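Examination of the molecular architecture
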Amino acid sequence: MLRVARQRRTQHQEERDHPLGEARPEDELIRRLYREFGSGLLGHAMRLTGSDRQWAEDIVQETLVRAWRNAEKLERDPVLLRSWLFTVARRLVIDDRRKRSVRPQESELTPSDEAPSHDEADRTLAAIVVAEAMNGLTQEHREAILETYLRDRTVGEAAEVLGVPPGTVKSRVYYALRALRRALQDRG
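**What about the packing of aromatic side chains?**
- Inspection of every chain in the model, using the stated rule, returns one aromatic pair.
- When the ring of tyrosine 174 is compared with that of tyrosine 175, the centres are 5.0 Å apart and the planes differ by 80°; the resulting orientation is edge-to-face.
- Here the basic side chain of arginine 82 rests over the ring of phenylalanine 86, its NZ or CZ set 4.2 Å away from the ring centre.

Next comes the structure, spelled out in structure tokens:
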């Protein structure tokens, strides 16, 4: 009876330690490797990565994954294991650096990068279309647009230059813009 109770206690302890069932030798090896070499391996990876902690942790994790995959081939001598782990970590960092040098540098988009920029040909074409539409306006409407929008004058200043009352300038600008909008819509 005492023997059965011990077995149950041992099984219960193993199930708690290893919820998926009995521990495999490879799993225990990885735990041992992490306990014995984890901090030293992390320090080594930190030096190799220029103190990039996230990258160094990724290197340690990948090194232990490779040890797990090759568990049956690994030497059990601690000196040889340490040497193998540090070599794998160094090679992983070298591989990562090579990958980074081959692929384009990552950068964040700025608002100017997100919107497509117009090249000079588009601007020239737009200027020609607007100029043709402006030529279709009457002389009075064209002058009102020229003084208010292109020369950036107020309605009062434009009225003085044109020699007409400010209300007339406002009216001409209103009808000129309406005619321009219609002409540009017709041109697509």
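**Quick look at the packing of helix 7 (residues 139–150) against helix 8 (residues 155–162)**
- At a minimum axis distance of 9 Å, the contact between helix 7 and helix 8 shows a crossing angle of 130°. In terms of orientation, helix 7 and helix 8 fall into the oblique class. Crossing of helix 7 over helix 8 shows right-handed handedness. Across the interface between the two elements, Glu143, Ala144, Glu147 and Thr148 from helix 7 touch Ala158, Val161 and Leu162 from helix 8.

**Quick word on the pattern of salt bridges**
- Per the counting criterion, the structure on display carries five salt bridges.
- Where glutamate 57 meets arginine 53, a salt bridge forms, and the shortest distance between an N and an O atom there is 3.1 Å. With a gap of four residues between them, glutamate 57 and arginine 53 both fall in helix 3 (residues 53–69), about one helical turn apart.
- Notably, a salt bridge pairs arginine 151 with glutamate 147, separated by 2.5 Å at the nearest N-O pair.
- What you see here is one network of salt bridges that share partners, running through Glu147, Arg151 and Arg153.

**Regarding the packing of helix 3 against helix 4 (residues 78–102)**
- Remark: helix 3 packs on helix 4, axes separated minimally by 9 Å, with the N-to-C direction vectors making an angle of 125°. Looking at the two axes, helix 3 sits oblique to helix 4. Viewed along their axes, helix 3 and helix 4 form a crossing whose handedness is right-handed. Along the contact surface, helix 3 presents Trp55, Ile59, Glu62, Thr63, Leu64, Arg66 and Ala67, while helix 4 presents Trp84, Leu85, Val88, Ala89, Leu92, Val93, Asp96, Arg97 and Arg100.
- Broken down by class, the residue content of the contact of helix 3 with helix 4 amounts to ten nonpolar, one polar and five charged.

**Structural notes on the confidence of the model for the chain**
- Model confidence for the chain is summarised by a mean pLDDT of 79, while 77% of its residues fall at 70 or above.
- Here helix 1 (residues 2–17) is the element of the chain with the lowest mean pLDDT, 47, and helix 8 is the one with the highest, 91.
- This model gives residues 1–9 a pLDDT under 50, and the stretch forms zero contacts once residues within four places in sequence are excluded.

**A short note on the side chain of arginine 172**
- If you trace the backbone, arginine 172 turns up in helix 9 (residues 166–187).
- Buried and unpaired, arginine 172 has glutamate 143 as its nearest opposite-charge partner, separated by 5.2 Å.
- When near neighbours in sequence (up to four residues on either side) are disregarded, arginine 172 contacts Glu140, His141, Ala144 and Val164.

**Looking at the side chain of histidine 44**
- Mapped onto the secondary structure, histidine 44 falls in helix 2 (residues 25–48).
- Look at histidine 44 and you get buried, because its relative accessible area is 15%.
- Look past the residues within four positions of histidine 44 in its chain and what remains in contact with it is Phe86, Ala89 and Arg90.

Conventions we followed
Residues numbered from 1 in each chain as written. Predicted model: local features only at pLDDT ≥ 70, side-chain atom pairs only at ≥ 80, totals over all residues. Heavy atoms only, no water. Phe/Tyr/Trp six-rings, centres within 6.5 Å; stacked < 30°, edge-to-face > 60°. Lys NZ or Arg CZ within 6 Å of the ring centre and 35° of its normal. Axes fitted to C-alpha atoms, helices over the stretch in contact; angles between N-to-C directions. Helix = DSSP H or I, 4+ residues; strand = E, 2+ residues; numbered from the N terminus. Parallel < 35°, antiparallel > 145°, perpendicular 65-115°, else oblique. Left-handed = near helix turned anticlockwise from the far one by under 90°. Contact = heavy atoms within 4.5 Å. Salt bridge = Lys/Arg side-chain N within 4 Å of Asp/Glu carboxyl O. Nonpolar A, V, L, I, M, F, W, Y, C, P; charged D, E, K, R; others polar. pLDDT = per-residue confidence, 0-100. Buried < 20%, exposed > 50% of the residue type's maximum accessible area, 1.4 Å probe, protein only. Lys, Arg positive; Asp, Glu negative; His and termini not counted.

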